[in-house]
Amino acid sequence: MQNKRLKRFFIVIVILLLIPFVAMQFTNEVDWKLNDFIVAGGLLFGAGIFCELVLRKVKKPKYRIAICAIILLALIIIWAELAVGIFGSPIAGT
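Quick summary incoming for the structure in this document. Keep in mind that what you see is a predicted model, and the values were worked out from it rather than measured.

How each quantity is defined
Residues numbered from 1 in each chain as written. Predicted model: local features only at pLDDT ≥ 70, side-chain atom pairs only at ≥ 80, totals over all residues. Heavy atoms only, no water. Patch = residues over 30% accessible without salt bridge, like charges linked within 9 Å, V, L, I, M, F, W, Y side chains within 5 Å. Areas by Shrake-Rupley, 256 points an atom, 1.4 Å probe, with all protein chains shown as cover. Salt bridge = Lys/Arg side-chain N within 4 Å of Asp/Glu carboxyl O. Helix = DSSP H or I, 4+ residues; strand = E, 2+ residues; numbered from the N terminus.

### Quick word on a nonpolar patch on the surface
- Among the surface-exposed residues, Val14, Leu18, Phe21, Val22 and Phe26 lie close enough to one another that they form a single nonpolar patch of about 510 Å² accessible area.
- Take Phe26: it is sitting in helix H1 (residues 2–26).

Here it is as structure tokens:
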């Protein structure tokens with residue numbers, strides 16, 4: 001079962017990365033470079049691996065949900081910072 005979950009996880013990452021790739025073909029509003037895809041893939045992969053680790057190691061469902069929610073919240077905050085610089089850090093996008 002665990003390998004099936006990882007395969008689904010990788011398929012979801014590829015599908016999510018295909019969205020901006022396809023959008024780039026139709027509009028100039030989406031302007032991702034290769035490094036944008038690499039960073040986005042790394043963030044999604046990292047968050048997914050951490051959630052997978054939590055699902056494998058943490059036994060109580062309440063803790064699983066809470067920890068995975070924190071991981072996803074961190075993913076969203078980092079993604080927003082890289083995209084538009086909501087906190088004004090040195091890694092902020094413009």
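Moving on from the coordinates now.
### So, the pattern of salt bridges
- Summed over all chains, the structure comprises three salt bridges.
- Glu52 serves as the salt-bridge partner of Arg5, at 2.9 Å between the closest nitrogen and oxygen. With a gap of 47 residues between them, Arg5 in helix H1 and Glu52 in helix H2 (residues 34–57) connect regions that are remote in the sequence.
- When the shortest N-O distance is used, the salt bridge between Arg56 and Glu52 registers 2.8 Å. In this pair, Arg56 and Glu52 are both assigned in helix H2, four residues apart and thus about one turn of the helix distant.
- Here the salt bridges do not stand alone but share partners, grouping Arg5, Glu52 and Arg56 into one network.

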